[in-house]
Structures are given as structure tokens and as C-alpha cells.
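So you can see what is in the structure, the chains are spelled out below.
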Amino acid sequence: MSHKRVKYALLLGAAILCMGTRLTWAKVAGLADDVPLAPGMHIMEGYLPPAWAALWFAATLPFWVLGVRRLKQVVGENPEARLLLGLAGAFAFVLSALKIPSVTGSSSHPTGTGLGAILFGPLVMSVLGSVVLLFQALLLAHGGLTTLGANAFSMAVAGPLVAYALWRGLYRLLPNSVVVFLAAAFADWVTYVVTSTQLGLAYPDPMGGFLASFLKFAGIFAVTQVPLAVSEGLLTVVVFEALRTNASAELRTLGVEV
């Protein structure tokens with residue numbers, strides 16, 4: 001990567017990290033105390049029964065194992081990819097930390113995993129996304145350790161799988177910007193569908209069972225998540241186009257068609 005391109009990428013990453021720093025300071029300083037904390041995404045600490053928490057850890061574990069292997073392979077074959085890995089991780093960290101209130105006291109946020117899934121594939125993103133979730137649980141009290149497996153499965157596994165499938169299936173058929181938008185938006189929506197499924201299974205409605213509970217949670221999230229996913233898709237297109245302009249050789253090295 002040329003000096004000019006490295007400088008541009010570092011400036012872009014610094015801007016993203018500054019956004020995250022501002023958000024973190026607002027929480028520490030108590031400026032966001034009027035925003036209610038709630039069992040939205042990420043699922044908060046202690047909200048899932050132990051059996052369900054353990055089940056989602058078990059479901060996510062194979063992706064972590066394969067993801068670490070794939071991550072080592074990517075870094076070994078392309079040492080320059082570390083910069084893009086950092087950018088993808090920072091992008092996911094900042095976007096998924098931007099909680100906004102949803103109806104009935106829940107919360108919604110972007111996920112930021114579509115970009116990393118396009119660049120590195122879903123296995124690598126399962127690791128990056130899980131690290132993001134771990135940092136948020138420890139530093140921002142967003143999510144939790146006991147619910148890390150469930151949150152990772154929805155945001156770091158399911159969302160990136162859908163994003164990568166859309167990218168690989170459509171990038172030869174549609175303009176890149178359109179496919180990037182669809183991949184990022186659907187990764188976001190699928191994350192919330194999976195989260196609604198997790199909550200519906202853990203807390204079925206006394207009368208209507210799982211389906212009624214799932215529809216309740218999904219309906220709550222949909223009010224804010226539909227426009228959020230559209231916004232995330234547009235922002236991901238902007239970042240991807242910047243990478244196409246300034247790091248096209250590195251993208252081709254990763255197998256990303258530009």
C-alpha cells in the first residue's frame with residue numbers, strides 16, 4: 001500500500017475511532033444517562049437463562065475455531081491486511097456501539113459487520129465481531145459476558161454469513177455499490193431476526209408460545225431497525241468506495257472484485 005493510501009486509510013480509521021471515543025466519553029461523563037438501558041441488542045448480561053446462554057456459546061464455538069484459523073491464514077498470506085482488519089473492526093465497534101432507544105424500552109443499533117464480511121469473509125468476521133462484542137461488554141457495559149455467545153451468533157455469525165452470501169451471489173450481476181448496500185443492510189436485519197428468535201425461544205409467550213413472542217420482539221425492533229439498516233447500508237457504500245479508490249490493489253489481493 002502506498003504512503004498516500006496508508007495515510008488516507010489511517011485518517012479514515014482515526015475518524016471512526018474518534019466517533020467511538022466521543023460516545024464512550026459521553027457514557028462515562030453521564031451525558032447519556034437519559035437513554036434507558038434495556039434488554040435489546042446486544043442482549044444484556046444475565047438476561048438469558050443459563051441453558052440458553054450455554055447453547056448459544058456451543059453454537060458459536062465452531063465459527064470461532066474456524067475463524068481463528070482463517071484469520072491466521074489471511075494475515076500470513078497478506079501482512080498488509082492488518083490495516084484493513086483494524087478498519088473493519090473499528091467500523092463494527094463504533095456502529096454497533098451507537099445505541100438508540102426503541103419502543104417499549106428496547107434499544108437498536110447498526111451492526112457494522114457487512115463491510116468486514118465482504119473484505120475478509122464470514123469466518124474472519126465471526127472473530128472480529130466477537131472481539132468487538134467483548135470489548136463493548138467490558139468497556140461500555142453494552143451486552144454481557146454470559147450472553148456473549150448469543151450476541152456473537154446473531155451479530156458476528158448470522159449477519160456476516162448473509163452479507164457474504166449476497167456479495168458473492170450478486171457482485172457480477174449488479175453494480176458493486178448496490179450489492180454492498182444490500183449486504184450491509186441485510187446483515188443488520190438478519191442480526192435482529194436472529195436476536196428476536198433467541199429471545200422468543202428463551203421467553204415464549206404464555207398464550208401464543210414462541211411465535212407470539214418472536215413477533216413481539218421482531219415488531220419492537222423493526223420500528224427503529226429498518227431505517228437504521230438503510231443508513232448503515234449507505235455508510236458502508238461510502239467506506240467501500242473510498243477503499244476501492246485508495247486501496248484497490250489490496251482489495252484484489254484479498255479476492256474482492258473491484
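Could you clarify how one ought to interpret the confidence of the model for the protein chain in this entry?
Keep in mind that low pLDDT regions are not for reading the predicted coordinates in detail. With 81% of its residues at a pLDDT of 70 or more, the protein chain has an overall mean of 81. Note on residues 13-40: pLDDT is under 50 here. Beyond four places in sequence and across chains, it has 27 contacts.

What exactly am I supposed to notice about the packing of helix α4 (residues 113-120) against helix α7 (residues 176-202) here?
Relative orientation and spacing of two packed helices are given, respectively, by the angle between their axes and the distance between those axes. Where α4 contacts α7, the two axes come as close as 8 Å, and the packing angle between them is 125°. Classed by the angle they form, the pair α4 and α7 counts as oblique. For α4 against α7, the interelement crossing comes out right-handed. Only V180, A183, A184 and A187 of α7 make contact with α4, whose side of the interface consists of T113, G114 and I118. Along the lines of polarity and charge, the residues of the contact of α4 with α7 split into five nonpolar, two polar and no charged.

Can you walk me through the environment of A97 in this structure?
On the secondary structure map, A97 appears in helix α3 (residues 81-97). Through-space distance from the C-alpha of A97 to that of G143 is 10.0 Å; in sequence the pair is 46 residues apart.

Looking at this model, I keep getting lost on the environment of V237. Mind explaining?
Inspection of the secondary structure assignment puts V237 in helix α8 (residues 209-246). By relative accessible area, V237 is classed as buried at 15%. Separated by 56 residues in sequence, V237 and F181 have C-alpha atoms that sit 5.9 Å apart. Beyond its immediate stretch of four places on either side in the chain, V237 contacts S177, V180 and F181.

What exactly am I supposed to notice about the packing of α4 against helix α5 (residues 122-139) here?
Here α4 crosses α5 at 140°, and the two axes come no closer than 7 Å. Classed by the angle they form, the pair α4 and α5 counts as oblique. Crossing hand, α4 versus α5: right-handed. Across from T113, G116, A117 and F120 in α4, the residues of α5 making contact are P122, V124 and M125. For the contact of α4 with α5, the per-class residue count stands at five nonpolar, two polar and no charged.

The rules behind these values
Residues numbered from 1 in each chain as written. Predicted model: local features only at pLDDT ≥ 70, side-chain atom pairs only at ≥ 80, totals over all residues. Heavy atoms only, no water. pLDDT = per-residue confidence, 0-100. Contact = heavy atoms within 4.5 Å. Axes fitted to C-alpha atoms, helices over the stretch in contact; angles between N-to-C directions. Helix = DSSP H or I, 4+ residues; strand = E, 2+ residues; numbered from the N terminus. Parallel < 35°, antiparallel > 145°, perpendicular 65-115°, else oblique. Left-handed = near helix turned anticlockwise from the far one by under 90°. Nonpolar A, V, L, I, M, F, W, Y, C, P; charged D, E, K, R; others polar. Buried < 20%, exposed > 50% of the residue type's maximum accessible area, 1.4 Å probe, protein only.

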